[in-house]
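Structural description and commentary
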2 protein chains.
Amino acid sequence: MSHPDSRIAAVRRFGRFYTQRIQALREAYLDTRFSLAESRVIYELATREAVTATILGRDLGLDSGYLSRIVRRFEADGLLARERSEGDGRTRMLRLTAQGRAAFAPLDARQDALVADMLAELPDAAAAEAVAAMRRIETLLGEEPARGWLLRGLRPGDLGWIVARHGALYAQEYGWNQEFEILVARIIAEAMETFDPACEGAWMAERDGVPVGSVLLVRVDDETAKLRILLVEPSARGLGIGGRLVEECTGFARRAGYRRITLWTHSVLEGARRLYARAGYRIVETQPFRGFGQELTNEIWQLDL
Amino acid sequence: MSHPDSRIAAVRRFGRFYTQRIQALREAYLDTRFSLAESRVIYELATREAVTATILGRDLGLDSGYLSRIVRRFEADGLLARERSEGDGRTRMLRLTAQGRAAFAPLDARQDALVADMLAELPDAAAAEAVAAMRRIETLLGEEPARGWLLRGLRPGDLGWIVARHGALYAQEYGWNQEFEILVARIIAEAMETFDPACEGAWMAERDGVPVGSVLLVRVDDETAKLRILLVEPSARGLGIGGRLVEECTGFARRAGYRRITLWTHSVLEGARRLYARAGYRIVETQPFRGFGQELTNEIWQLDL
DNA sequence: GTCAGTTATCTGCCGATATCAACTATTTCG
DNA sequence: CGAAATAGTTGATATCGGCAGATAACTGAC
């Protein structure tokens, strides 16, 4: 994959870059009547219909006591109204008044202007790319990484992804050497050169636009299909992706008229073995195997359809 | 890509996202003896050899009076030394002492750990993409983007990366179909199965822990080597990476005693052709070629050593 | 229903943070 | 040389922001 340390360094450098250059955009509050914290509070209030102080404090990372004072000041200035909520007598719903919105407008406009100025300095394509990159970061690092994922066919780059992730993950998790990655490249090349969509299949699992799993089903003979290179990224395990990939192969093989599916795995691959067992596969043969810098035990599993 | 207004909104949303989620990374200073401002100061001091207070204040956006006090505190604690600079009697060069570096180390480690934790939660591809996106933003918005990169040997996952990026980039830039990605997988598999480190080489260019280029030099016969699958990511072009990769092959081939290097390319690949020409290669043969869903013209180039 | 425990909000307290302006020591420039 | 600019220091001061304790309201177990 690549040296994690230099990724860490890159993220930290971005942090410094950001606080130095982009952070200026958050300073729109200067020469307004608001402090930074106040401007963040009024932004949230203007964006939402009504909030409780606790939620506001949690979202903005503000101390409840500090926030309480800000709210009191805003109320005294007529910028917001507090109403006891009917459901819970402890909480008060905070809501901007018309006057509050009027006070927010210039701040909001100023923020827009600062951002617009920054973007205007860039060629259009560069601005578009920068914005796209920001969106991408949000998606990738976002709070709740969508539990959603999808199954799709192959796209350019997927074959290489399969090779790369097999190489990197098996090296990391089991210490297998480069022989294995080379073997996967050969398997992929040979399988795809003779690929027949009528009786063979390849599926990728994708989450947030990033591949997180793969599987191949190839023809051996009229009655036998072979499941190959099943892989699920560690970070995407536990979502049922592996099971779904195996299932997809089973369904496809049935429809294509095969009588059985075989596959080849190793006794050390606990997770994969559990998947196969749960899908009804049984071990039909084992044999010692020396390769990838290891002493392994090969297993051939089979599922009768 | 989109309406300027929605770009502005996207940039502002990213600002909020960042201060909420990533900003946590800047809070490594909590439970250390330093305040946020102090931790930023000591970071800068640890990174640079020696600085004046004014430069430090400008770079970090700190008030000179405030900074002066921080510096005095650090000096009292023995973390830094001040020496009158010989050129200008007004300025004092600030420099961390050994004790200062020792005090910085745990803070630095903590920052690294926080970032590492964050990245570890992501699929590898997602982490790589997020880092690349950050880097992209820096390049696009930054004053002068860091131009650093390095040349290294193969690591797990690199072979797959080569296949993936060839597949994805040639599809995107020239519309080549999957045949090409499959061919690259085969080339890689065959080259690596018989790889002989004594007379063959493989190099990756890496930036911020992310691969951005590759090249292979393989043996044809005792007198002839072949340069293959040269690639540089679009985002890393213009840094001289391509030229350096070609040069690395030339040097290696000379040392290994080859008499010539040949390579195989296509007339549409303008950038690569310019590189070869500049390195002294000459076209020795061209022939029409149908493949990858295109009508192309193959070229064989050669460099006599 | 009672009571212990929890949650939402407010208030007092107070050190740390950060800003402004005045001041000294040098340097630079006309 | 003298005025203006620059580097850095210091004093005064506002306010930021975190903590602890108080109060009121809710929740769940019994």
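Worth saying up front: this structure is predicted, and the values here are computed from it rather than measured.

It is worth spelling out the overall build of chain A at this point. Counting its secondary structure elements, chain A contains 10 helices and 10 strands. Computed over its C-alpha atoms, the radius of gyration of chain A comes to 28 Å, more than 25% above the 19 Å expected for a compact globule of 305 residues. Projected onto the principal axes, the alpha-carbon positions of chain A cover approximately 80 × 50 × 35 Å. Across the 305 residues of chain A, 48% fall into the buried class. Long-range pairs, those at least 24 residues apart, make up 61% of the contacts in chain A between residues at least 6 apart in sequence. Of the roughly 14,400 Å² of accessible surface on chain A, 49% is carried by carbon and sulfur atoms. Here chain A holds 42 positive side-chain charges and 43 negative ones, and the gap between their average locations is 4 Å.

Residue and element names in this part refer to chain A. A sheet is described by the order of its strands in space; here three strands give the open sequence β1-β3-β2, paired in antiparallel fashion. The open sheet has two edge strands with one neighbour each: β1 (51-52) and β2 (80-84). Direction of pairing for β1 relative to strand β3 (residues 92-96): antiparallel, over a ladder of two bridges. By the bridge assignment for β3, Thr-52 is matched with Met-93. Along the sheet face, helix α2 (residues 36-47) touches β1, β2 and β3 and points at about 90° away from the line of β3.

All names here are of chain B. Taken in spatial order, the seven strands of this open sheet run β4-β5-β6-β7-β8-β10-β9, and their pairing is mixed. In this open sheet, the two edge strands, each paired with only one partner strand, are β4 (150-152) and β9 (282-291). Within this sheet the neighbouring strands show an average axis-to-axis angle of 25°, counted without direction. With four bridges joining them, strand β7 (residues 224-232) and strand β8 (residues 260-266) adopt parallel strand pairing. Its bridge partner lying in β8, Leu-227 is registered against Leu-263.

What follows covers the pattern of salt bridges. For the structure on display, the rule yields 54 salt bridges over all chains. Between B:Glu193 and A:Arg186 there is a salt bridge; the shortest N-O distance is 2.5 Å. Pair noted here: B:Glu193 is in helix α8 (residues 178-193) and A:Arg186 is in helix α8 (residues 178-193), and the two residues belong to different chains. When the shortest N-O distance is used, the salt bridge between A:Asp222 and A:Arg219 registers 2.5 Å. Classification of A:Asp222 by relative accessible area gives exposed; the value is 58%. With relative accessibility at 39%, the residue A:Arg219 sits in the partly exposed group. Members of the salt-bridge network, linked through shared partners, are A:Arg186, A:Glu190, A:Glu193, B:Arg186, B:Glu190 and B:Glu193.

Across the contact, 78 residues belong to chain A and 79 residues belong to chain B. For the pair chain A and chain B, the summed buried surface comes to about 7,400 Å²; carbon and sulfur atoms form 62% of the total. On the chain A side of the contact with chain B, A:Arg7, A:Arg12 and A:Leu141 bury the most area, a combined 10% of that side's loss. Taken together, the connections running from chain A to chain B amount to 13 salt bridges. Here B:Arg13 and A:Glu138 are joined by a salt bridge, their closest N and O atoms 3.0 Å apart. Run the count over chain A and chain B and you get 20 residue pairs in polar contact (both at pLDDT 80 or more). For the side of chain A that touches chain B, the elements supplying multiple residues, two or more each, are α1 (4-22), α2, α5 (98-120), α6 (124-141), α7 (158-174), α8 and β6 (210-221) of chain A.

In this section: the protein's contact with DNA strand C. Close contacts around DNA strand C come from 20 residues, with A:Thr54, A:Arg69, A:Arg82, B:Tyr66 and B:Gly89 the closest. Take the atoms of DNA strand C that sit within 4 Å of the protein: sugar and phosphate atoms are 68% of them. Take B:Arg90: an N or O atom from its side chain is 3.5 Å from a sugar or linking oxygen of DNA strand C. Residue assignment for the surface near DNA strand C shows that the elements contributing at least two residues are α3 (53-60) and α4 (64-76) of chain A together with α4 (64-76) of chain B.

Turning our attention to the confidence of the model for chain A. Looking at chain A, the pLDDT average stands at 88 and 95% of residues meet or exceed 70. Per-element mean pLDDT across chain A ranges from 79 in α6(A) up to 97 in α8(A).

A separate point is the pairing of strand β8 (residues 260-266) of chain A. Residues and elements named next belong to chain A. Burial analysis of β8 places five of its seven residues in the buried class, which makes it a mostly covered element. The parallel pair strand β7 (residues 224-232) and β8, bridged by helix α9 (residues 241-255), forms a crossover whose chirality is right-handed. In the sheet, β8 pairs with strand β10 (residues 294-304) via seven bridges, with the strands oriented antiparallel. Within the sheet, the bridge partner assigned to Arg-260 lies in β10 and is Asp-304.

We now examine the side chain of B:Arg12. Counting through the fold element by element, B:Arg12 comes out in helix α1 (residues 4-21). What B:Arg12 contacts, discounting residues up to four positions off in sequence, is A:Tyr43, A:Asp108, A:Gln111, A:Asp112 and A:Val115.

The next subject is the protein's contact with DNA strand D. Around DNA strand D sit 23 residues, and of these A:Tyr66, A:Gly89, B:Thr54, B:Arg69 and B:Arg82 come closest. Counting only the atoms of DNA strand D within 4 Å of the protein, the fraction contributed by sugar and phosphate is 66%. The contact in question runs from a phosphate oxygen of DNA strand D to an N or O atom on the side chain of A:Tyr66, over 2.4 Å. Between DNA strand D and B:Ala53, the relevant distance is 3.5 Å, taken from a phosphate oxygen to a main-chain nitrogen or oxygen of the residue. Within the residue set of the surface near DNA strand D, elements represented by two or more residues are α4 of chain A together with α3 (53-60) and α4 of chain B. Broken down by element, the surface near DNA strand D gets its largest block of residues, five residues, from α4(B).

To continue, consider the packing of helix α2 (residues 36-47) of chain B against α4(B). Residues and elements named next belong to chain B. With their axes 11 Å apart at the nearest point, α2 and α4 run at an angle of 70° to one another. Regarding the angle of α2 to α4, the classification is roughly perpendicular. Taking contact as the criterion, the partners of Ala-37, Glu-38, Val-41, Ile-42 and Leu-45 in α2 are, on α4, Tyr-66, Leu-67, Ile-70, Arg-73 and Phe-74.

Time to look at the packing of aromatic side chains. Residue and element names in this part refer to chain A. Scanning all chains against the criterion turns up 36 aromatic pairs over all chains. When the ring of Tyr-43 is compared with that of Phe-104, the centres are 5.9 Å apart and the planes differ by 70°; the resulting orientation is edge-to-face. In this pair, Tyr-43 is assigned in helix α2 and Phe-104 in helix α5, connecting sequence segments 61 residues apart. Using a relative accessible area of 16% as the deciding quantity, one classes Tyr-43 as buried. Here Phe-180 and Phe-292 contribute two aromatic rings whose centre-to-centre distance is 5.0 Å and whose plane-to-plane angle is 70°, an arrangement assigned as edge-to-face. With Phe-180 in helix α8 and Phe-292 in the loop between β9 (282-291) and β10, the pair connects residues that are 112 residues apart, well separated along the chain. Taken as a pair, Phe-180 and Phe-292 share a single burial class, namely buried.

Here is what the cut-offs are and how they apply
- Residues numbered from 1 in each chain as written.
- Chains lettered and ligands numbered in written order.
- Predicted model: local features only at pLDDT ≥ 70, side-chain atom pairs only at ≥ 80, totals over all residues.
- Heavy atoms only, no water.
- Helix = DSSP H or I, 4+ residues; strand = E, 2+ residues; numbered from the N terminus.
- Rg over C-alpha atoms; globule rule 2.2 N^0.38 Å.
- Buried < 20%, exposed > 50% of the residue type's maximum accessible area, 1.4 Å probe, protein only.
- Contact = heavy atoms within 4.5 Å.
- Areas by Shrake-Rupley, 256 points an atom, 1.4 Å probe, with all protein chains shown as cover.
- Lys, Arg positive; Asp, Glu negative; His and termini not counted.
- Charge placed at Lys NZ, Arg CZ, Asp CG, Glu CD.
- Pairing = 2+ DSSP bridges.
- Axes fitted to C-alpha atoms, helices over the stretch in contact; angles between N-to-C directions.
- Salt bridge = Lys/Arg side-chain N within 4 Å of Asp/Glu carboxyl O.
- Buried area = accessible area lost by both parts, 1.4 Å probe.
- Polar contact = N/O pair within 3.5 Å; in protein donor to acceptor, adjacent residues only side chain to side chain.
- Near = heavy atom within 4 Å.
- pLDDT = per-residue confidence, 0-100.
- Right-handed = clockwise from strand over helix to strand, strands pointing away.
- Parallel < 35°, antiparallel > 145°, perpendicular 65-115°, else oblique.
- Phe/Tyr/Trp six-rings, centres within 6.5 Å; stacked < 30°, edge-to-face > 60°.

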